[in-house]
Amino acid sequence: MYFIGIDVGTSGTKAVLIDETGAVLRSHTEEYPMQQPKNGWAEQNPSDWWEATKLSLSEVCEGIDKICGIGLTGQMHGLVMLNENNAVIRPAIIWCDQRTGKECAEMTETVGADKLFSITAAPAMSGFTAAKILWVKNNEPENFKKCRHILLPKDYIRFMLTGKFATDVSDAGGMQLMDIKNRTWSDEVLDTLKIDKSLLPKIYESPEVSGFVKSADVPACLRGVPVAAGAGDNAAAAVGTGIVENGRAFTTIGTSGVVFAHTDEPLIDPKGRIHTFCCAVPGKWHVMGVTQAAGLSLKWFRDNFCELETMNAEKQNTDVYVLLDEMAKTSPIGANHLIYLPYLMGERTPHLDPDARGVFFGLSAIHTKADLLRAILEGVSFSLYDCVNLLKETGAEVSDMTICGGGGKSPFWSQMLSNVYGTEIKTVACSEGPAYGAAILASVSARAFDTVESACKALIRSGKTFVPNETEHGAYQAVYGLYQSLYPSLKNLYQQLK
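We now turn to the structure provided with this report. (Residues numbered from 1 in each chain as written. Predicted model: local features only at pLDDT ≥ 70, side-chain atom pairs only at ≥ 80, totals over all residues. Heavy atoms only, no water.)

**As for the overall build of the protein**
Counting secondary structure elements, the protein contains 17 helices and 24 strands. For 498 residues, the compact-globule estimate of 2.2 N^0.38 gives 23 Å, and the C-alpha radius of gyration of the protein, at 21 Å, lies within 12% of that figure. On the principal axes, the C-alpha backbone points of the protein span a range of 60 × 55 × 40 Å. When the 498 residues of the protein are sorted by exposure, 62% land in the buried category. Of the contacts made within the protein by residues no fewer than 6 positions apart, 72% connect residues no fewer than 24 positions apart. Accessible surface, the protein as shown: approximately 18800 Å² in total, 49% of it carbon and sulfur. Considering the protein, the positive charge centre built from 45 side chains and the negative charge centre built from 57 side chains are found 3 Å apart. (Helix = DSSP H or I, 4+ residues; strand = E, 2+ residues; numbered from the N terminus. Rg over C-alpha atoms; globule rule 2.2 N^0.38 Å. Buried < 20%, exposed > 50% of the residue type's maximum accessible area, 1.4 Å probe, protein only. Contact = heavy atoms within 4.5 Å. Areas by Shrake-Rupley, 256 points an atom, 1.4 Å probe, with all protein chains shown as cover. Lys, Arg positive; Asp, Glu negative; His and termini not counted. Charge placed at Lys NZ, Arg CZ, Asp CG, Glu CD.)

**Here we look at helix H3 (residues 113-120)**
Buried within H3 we find Leu116, Phe117, Ile119 and Thr120. Check the buried side of H3 and you find it contacts helix H2 (101-111), strand S10 (178-179), helix H8 (187-193) and strand S18 (275-278). Immediately beyond the C-terminal end of H3, within one or two residues, lies alanine 121, with a positive phi of roughly 65 degrees.

**Concerning the pattern of salt bridges**
Going through the model one piece at a time under the given rule, you end up with 24 salt bridges. Residues lysine 115 and glutamate 188 are paired through a salt bridge, measuring 3.7 Å at the closest nitrogen-oxygen approach. You can see lysine 115 sitting in helix H3 and its partner glutamate 188 sitting in helix H8, a full 73 residues away along the chain. Here aspartate 303 ties to arginine 302 by a salt bridge, and the two come within 2.7 Å at their closest N and O atoms. Looking at aspartate 303, the relative accessible area reads 43%, which means it is partly exposed. (Salt bridge = Lys/Arg side-chain N within 4 Å of Asp/Glu carboxyl O.)

**Thoughts on the side chain of histidine 262**
Here histidine 262 lies in strand S17 (residues 257-263). Among the polar contacts listed, one links the side chain of histidine 262 to the side chain of aspartate 264, at a separation of 3.3 Å. Beyond its immediate sequence surroundings of up to four residues, histidine 262 is in contact with Ile243, Val244, Glu245, Asn246, Gly247, Arg248, Cys279, Val281, Lys284, Trp285 and His286. (Polar contact = N/O pair within 3.5 Å; in protein donor to acceptor, adjacent residues only side chain to side chain.)

**Quick look at the nonpolar core**
One finds Val259, Leu391, Met401, Trp413, Leu417 and Tyr421 to be the most contacted residues of the largest nonpolar core, which totals 54 residues. Here this core gets 13 residues from one element, more than from any other, and that element is helix H13 (residues 369-394). Discounting chain neighbours no more than four positions away, the residues touching tyrosine 421 are Thr251, Val259, Ser381, Leu384, Tyr385, Val388, Met401 and His473. (Core = buried A, V, L, I, M, F, W, Y, C linked by side-chain atoms within 4.5 Å.)

**Let's talk about the packing of aromatic side chains**
Enumeration over the complete set of coordinates arrives at 16 aromatic pairs. Here tyrosine 340 and phenylalanine 360 contribute two aromatic rings whose centre-to-centre distance is 5.0 Å and whose plane-to-plane angle is 40 degrees, an arrangement assigned as tilted. In this pair, tyrosine 340 is assigned in strand S20 (residues 339-341) and phenylalanine 360 in strand S21 (residues 359-361), connecting sequence segments 20 residues apart. For phenylalanine 360, a relative accessible area of 24% translates into the label partly exposed. Each residue in the set Phe382, Tyr385, Tyr421, Tyr476, Tyr480 and Tyr483 is aromatic and connected to the rest through ring pairs, giving one cluster. Positioned above the aromatic ring of tryptophan 285, the side-chain terminus of arginine 183 is 5.0 Å from the ring centre. (Phe/Tyr/Trp six-rings, centres within 6.5 Å; stacked < 30°, edge-to-face > 60°. Lys NZ or Arg CZ within 6 Å of the ring centre and 35° of its normal.)

This is the structure we're talking about:
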């Protein structure tokens, strides 16, 4: 039996083919760009996602006669708007876009801060979909009038595959239009914000079948295959790493960074610094903290300042990030008294500040490229450590930590995180991340397994464990204290950059 997971990511779409033992047989990723028309804006063309999906599916399906199930995952919070002919109206406004400050204030005023929080488990968030809908309504009224369907990124791909307008409970929660405790759209929030419920897709639990492939643009072996509802990228990553029961958590470093913990009950931070969503296990929830620009910080530095290293990596037929790790290792803990704040796209946890921006603090003539690289890795690690501490403060049990995502492929960064957290960090044998979790959900929807939990137990294998060095943990604690003091000192100054 073969299953496919599709991950509609920020930098590219990945398709992963697995068998009934969980072995990854093929994996293919097609990349595409992100547009930033203005400072703090972030958009993508849904047609790029679809073209990348078709190419990735063609690669992993070559020579395969029968696929038993497909699962979907992808970047959360993106706004895709379709007209009456089901054509895309405007570029998708994606998760890291920060243009919606006024709309967040509007949501808070019209719904009420306490009411909004009690229903959606979060204060009005600039990155979430509801505020983006209101932004289009306020700033592009003609586009809003044309809108007949609102979808999330992975759900646009579902529509292109199946013709169905559907989503899942975990991704829907990130729209901030959902009653998180009752796992359904909130009529109260929708009516107050004057958003027509008919624009929204039907909500399913993650392993439920949401439709069957009808598209003639994909390999023939996929026609008629059931498509699982799937999950948002972090909920799918949890499935792909076996984080499906209390006490288990993961850190993932992709474009953004997330610390995620499974909970049997909906734990809610009263200050809204972490997010509470339904998870991919039916009837369960998760809490998570988010660093907006985790892997993005390193990619930004690579793209702008590491042309020589990129050329050398190509000559050596190796990953440029391996060379950057080696360079960063030559700088000591604390990067020779250089601290990086990773707020390239504003920040969610713990600051909830769309106006925050990145900083190198302490930069002097002694610093080298190696110091800047190390400072970036440490700054992102400190931001993720903020997330860990807030999850514990909220009552989440974080006793078993796993690492995944692109950054998790770096032994150097994984060991650094173990030293910063002061706890063991495990890896899993499969490093395909959310796409692997989506494939597991496909196996449940195809009834190869009875539950998500039983599928994870059967398919997921552990990898290496990183053990913290207590001396280095102590050294990082000292630097972390200074790191924590910087944002409060800069908070009011960020407003002057507008």
